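# Structure at a glance
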Amino acid sequence: MTRPFVSPPASVASPARARLRATRRQVMATIAVRAVAWGAVVAGTALAAVAVLDTAVALPVPVRGAARLAALALGALVSLWRLTRGIRSARYAAVAMFVEEAEPGLKYALVTWEESWEEGRREVREELEAEIAKHGWEPAVRRTLWRSALAPAAALAAVAVAALLLPAGARARVLAPHEGDLLDRATAPAGTRVSVLRPLVAVVTPPAYTGLPSRTLDEPSEIGALVLSGIEIRGRSPQSASQGRVSAWLDAKPVTVEENGARWRVSLTMPARPGVLRLQDHSAGDERLIVLAPRPDSAPTVTLDAPARDTVLRSPSGRIALHADAADDLGLVSGAFEFIVSSGEGESFTFRSGRIGARAFGGVRSGSLSTVLALDSLRLAAGDVVHLRAVARDANDVPGAEAGASDTRTIRIARVGEYDSVAVEGAPPPEADQSVLSQRMLILEAEALEARRPRLTRPRVVDESGRLGKDQARLRRLVGEIIFARLGGQPRGEESSGDVERAGTRSAEELLRAADSATGGRGVQALDFEGDESPVVAVNRPLLEAYNAMWDATRELDAGEPALALPPMRAALAAIQRARQAERIYLRGRPPAVVVDLARVRLQGRDPGSSSVRAAREPVDDPGVRRARRLAAALMLLEREPRAAIDSLVLARVDALADDPALAAALGAAVDALRAGRDATGALVRARRLAGGGVLAADSLSRWSGR
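Residues numbered from 1 in each chain as written. Predicted model: local features only at pLDDT ≥ 70, side-chain atom pairs only at ≥ 80, totals over all residues. Heavy atoms only, no water.

## Description of the overall build of the protein chain
Scanning the protein chain for helices and strands turns up 18 helices and 19 strands. Restricting the contact set of the protein chain to residue pairs at least 6 apart, pairs at least 24 apart contribute 69%. (Helix = DSSP H or I, 4+ residues; strand = E, 2+ residues; numbered from the N terminus. Contact = heavy atoms within 4.5 Å.)

Encoded structure:
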C-alpha cells in the first residue's frame, strides 16, 4: 500500500535528503524534456503527413490551417499527458528506487532510509546515513537519464529529417498557410510536359484612396474589384521553359507578359467595363479565361432633409435650418451645402454661387450636415431664386469622379404684386421651367472649366468638356420631346427620340408652320405672345431656338472647346426664358378630356399603297435574342467539347455583366458547376429562361454536365 508523503520539518538537516532532492529535480527535468519531445514528434509527424497529402492533392487554405491547429493541439495533449503521468510517479520513494536500480551497491539502504524518514524512525535513519554517504550515485543516475532521453531524441531527429526531405514550399504551405502560396507547391518531375497556366495566383490591389488591403486569389476564374484596381496574375515556369511561352490578351488587345526566372506575371488595371483576360501556353497548348468584373466606386448618397420642399417667401429675411444626411461605402471625406442665387427677369439674369456649412468627415461611413442659412446675408430682392442642395465627397481622387449631391430645393422671393392676381386652378410648373436650372448650371460649369483650362492638360479638358456635352445633349433631347409633344407627336423616351433628332435638321419655320397648323393659329410672324397669335406657337418658337442652340453647344463641347460653346449655351438659356415668359397665362377651369382614336389604337383600317409584295425588313438587333442564340450554341457544344462550351459560357457571362446581372449570375453558377463536374441543369435552365428568345428544340433530351 502506498503511503502519502509527509514533508519533514524544515529545521531537520540531512545530507542524504539533500542529495535525494537534487536527484528528484533531475528526474523531473528529464520527464519534462521527454514529454515535450514526444509531443513534438507527434505534432511533426502529423504535419509531415499533411504536407505529403498536400503535395499529392492541393488542399485549400482553410483545410491546411485546420490541420495545422489539429496537429499542434494533438502534440500539446500528448506532452501534457506524459508530463502529468511522470510528475505523479516522481515521488521520493520512487526516486529512491530509481537510484537503487542505477547504483546496486546501495543494497536498498536508500529505500530503507526513505521509509524510515516517512515513518519518523530517527534511530534507523541515523544508522543508514553513514552507509549512504559512502556511495556516489549521481554519475550513474545521469547516465541512466541520458539513455532514457535517447528514444524521443531519435524519433524527433527522424521527423526533422523527413521534414527536410520535403520540398520547401510544401513545408511553408503547412506551417504558414495563406492565399497565394499555391505557387509554392512541388512542381512536376523534370521532363514532364505541364502547362505553365496551372496553377495561377492573382493579387488584387485596390486604388490607394480606398485604404483597402490587397487580397490574393488562388486559381481565379473571375476577379471582381473596383475600377482602376491593380491586378497581377502570377504563374511559375519550369527551368526548361522557353522565353515567350505565355501570351495574354485583354479583349483582343495584347498584354505584356513579364518573365523572371521560375516565375512569370501579367500586370494590368481593372477596366471600366467587363472583359476577359485570355492566357495561352503555346508549348502545352493550354488556354485559360479569367473574367474581369469591374465594380465602379459609387458616389456618396446625400439626402436633403431640411428644407423638405420648395418655398416661396414674401420677404427676403429670416433664417432657414439646413440638414442633410450622407453615406458612402468606403468613407466620407467632406461635405457642404451649395447654393446658386439667380436674379433678374426677362433676358437679363445674373447668378451668384457659394458654399456654407462645410465640414470634414474624416473617413466615416455616414454623417450629417447641419447649418443655418441667413437670407439677410444673401442680399436677396423680389423675384430672386435660391437653388440649394447638399453635396458630399469621398476619397476618390480619380479624374472625372463626381461628388454625391442631393435633390435641389428652391427658395423664391415673391415679386411685388404677385399676390394681386385672380385665383386660378393649381397646375404643375410649366415644362420649360424644368430645363432652366439645368442650363444655368451647365453654363456655370462650362465657365469654370474655361477658367481652369490653362492649368489643365488637353486630354483632361476634352474629357470634362465631353461630359458637359453629354449633359447638354440629354437636356436637348428633353426639350425636343416637349416640342413634339406639343405638336401632337408621341415622344418615346431619351434613347429613341429619332424624330427629335430629325427635327434638328428641319428649319424652325417648318416646325412652326406645323405647330400653327396643329393648333389652328394664323401665323408665325411674332417671336413672343403678341396680338392674336396662338399661345402654343409662341411657346414652341423659343423652344426651337433653344433646341438649335443646344445642338451647336453640344458639338463644340464634344470637340473640347468650352469657350466656343458658351455663346450658344447662353442663347439657349435666353430662349428658354422667353418660352417661360410666354407660358405665364393660366386658363380658367379644367382642360378638356383627351379623345382617343380607338380605330388607330386597335390598328384598324386599310393598308395604303398598291404593292402586293412587301420587302422583308432587317432583323432587329435584340440583345435578348442574340444572347439566347449564343447560349444555345454553347449548349450544343457541351457533349462534344466541354471546355470550349465552358469558354463560350464565360464570354456570354461577360457580355451580360453590365446589362443583365441576373443572367450573368445564372451563367456564373453554371460555369462553376461545370468546372467542378457537378450537375449544371438548374443553372442552365435558369440562364436559358433569363436570356429570352425563341424555344429550343432537340431530338432527344440529354443531361447537361461538364464531363
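Text resumes after the structure shown.
## Quick look at helix α7 (residues 168–175)
Taken together, the buried positions of α7 are occupied by G169, A170, R173 and V174. The buried side chains of α7 occupy one side of the element, clustering within an arc of 130 degrees when seen end-on. Of the exposed residues in α7, those oriented more than 90 degrees away from the buried face are A168 and L175. Structurally, α7 contributes buried residues whose contacts are with α1 (15–56) and α2 (61–88). (Buried < 20%, exposed > 50% of the residue type's maximum accessible area, 1.4 Å probe, protein only. Arc of directions from axis to C-beta.)

## Re the pattern of salt bridges
A complete count under the given rule lists 27 salt bridges for this structure. One salt bridge connects R458 with E561, and the closest N-O pair in it is separated by 3.7 Å. Residue R458 is found in helix α9 (residues 458–486), and its partner E561 is found in the loop between α12 (535–558) and α13 (562–582); the two are separated by 103 residues along the sequence. The class of E561 is partly exposed, set by a relative accessible area of 23%. Between R474 and D471 there is a salt bridge, with the nearest N and O atoms lying 2.9 Å from each other. (Salt bridge = Lys/Arg side-chain N within 4 Å of Asp/Glu carboxyl O.)

## Observations concerning the packing of α1 against helix α6 (residues 138–165)
Running from amino to carboxyl end, α1 crosses α6 at an angle of 10 degrees, the nearest separation of the two axes being 8 Å. Compared by their axis directions, α1 and α6 come out roughly parallel. Note on element contacts: α6 touches α1 through E138, V141, R142, L145, S148, A149, A151, P152, A155, L156 and V159, opposite R19, T23, Q26, V27, T30, R34, A37, W38, A40, V41, G44 and T45. Tallied by class, residues from the contact of α1 with α6 come to 13 nonpolar, six polar and four charged. (Axes fitted to C-alpha atoms, helices over the stretch in contact; angles between N-to-C directions. Parallel < 35°, antiparallel > 145°, perpendicular 65-115°, else oblique. Nonpolar A, V, L, I, M, F, W, Y, C, P; charged D, E, K, R; others polar.)

## A word on the sheet that holds strand β1 (residues 201–205)
Taken in spatial order, the five strands line up as β2-β1-β4-β8-β7 in an open sheet, and their pairing is antiparallel. Bordering the open sheet on either side are β2 (215–218) and β7 (257–260), each of which pairs with just one other strand. In this sheet, neighbouring strand axes are inclined to one another by 20 degrees on average, regardless of whether the strands run parallel or antiparallel. Pairing of β1 with strand β4 (residues 230–236) involves five bridges; the strand directions are antiparallel. Looking at the pairing, V204 lines up with I231 of β4. (Pairing = 2+ DSSP bridges.)

## Overview of the nonpolar core
The nonpolar side chains of soluble globular proteins are, as a tendency, buried together. By size, the foremost hydrophobic cluster in this structure holds 31 residues, and its most contacted members are L631, L649, L667 and L684. Going through the elements one at a time, β10 (286–295), α15 (623–636), α16 (642–657), α17 (661–675) and α18 (681–691) are the ones with two or more residues in this core. Leaving out residues up to four positions away in the same chain, L649 has contacts with L631, A634, L667, V671, L674 and L684. (Core = buried A, V, L, I, M, F, W, Y, C linked by side-chain atoms within 4.5 Å.)

## Digging into the sheet that holds strand β6 (residues 253–255)
Across the sheet, which stays open at both edges, the five strands sit in the order β3-β10-β9-β5-β6 with mixed pairing between neighbours. Each of the sheet's edge strands pairs with one partner strand only, and the pair in question is β3 (222–226) and β6. Strand-to-strand twist of the sheet, defined as the mean angle between neighbouring strand axes without regard to direction, takes the value 25 degrees. Of the pairings in the sheet, the one linking strand β5 (residues 246–250) to β6 comprises three bridges and is antiparallel in character. Pairing of L250 across the sheet is with K253, part of β6. The strands touched by α16 are β3, β9 (275–281) and β10; relative to β10, the strand with the most contacts, the crossing angle is about 15 degrees.

## Things to note about the confidence of the model for the protein chain
In this model, the protein chain carries an average pLDDT of 78, and 77% of its residues clear a pLDDT of 70 or more. Within the model, pLDDT remains below 50 along residues 511–539, and this stretch shows 50 contacts once partners closer than five positions in the same chain are excluded. (pLDDT = per-residue confidence, 0-100.)

## Details of the environment of L128
Within the fold, L128 resides in helix α5 (residues 122–133). Classification of L128 as buried rests on a relative accessible area of 17%. Sequence-wise, L128 and W113 are 15 residues apart; in three dimensions their C-alpha atoms are separated by 6.2 Å.

## Things to note about the side chain of E232
Note that E232 resides in strand β4. At 3.3 Å, the side chain of E232 and the side chain of R265 are in polar contact. Filtering out sequence-adjacent residues up to four positions away, E232 remains in contact with V201, A202, V203, R265, V266 and S267. (Polar contact = N/O pair within 3.5 Å; in protein donor to acceptor, adjacent residues only side chain to side chain.)

## Quick look at the environment of L106
When you line up the elements, L106 lands in the loop between α3 (92–102) and α4 (109–119). On the basis of relative accessible area, L106 is assigned to the buried category, the value being 2%. Separated by 25 residues in sequence, L106 and E131 have C-alpha atoms that sit 8.0 Å apart. Once you skip the residues sitting within four places of it in the chain, L106 turns out to touch V99, E100, H135 and W137.

## Brief notes about the packing of aromatic side chains
Under the defined criterion, the tally for this structure stands at zero aromatic pairs. Geometry around W137 places R19 over its ring, the cationic atom sitting 3.9 Å from the centre. Sitting over the face of the ring of Y547, R476 holds its NZ or CZ atom 5.9 Å from the ring centroid. (Phe/Tyr/Trp six-rings, centres within 6.5 Å; stacked < 30°, edge-to-face > 60°. Lys NZ or Arg CZ within 6 Å of the ring centre and 35° of its normal.)

## Let's talk about the environment of S343
Tracing the chain through its elements places S343 in strand β14 (residues 332–345). Residue classification places S343 among the buried positions, given a relative accessible area of 15%. Expressed as a C-alpha distance, the spacing of S343 and D384, which sit 41 residues apart in the sequence, is 4.7 Å. The residues contacting S343, other than those within four sequence positions of it, are S348, F349, T350, R352 and D384.

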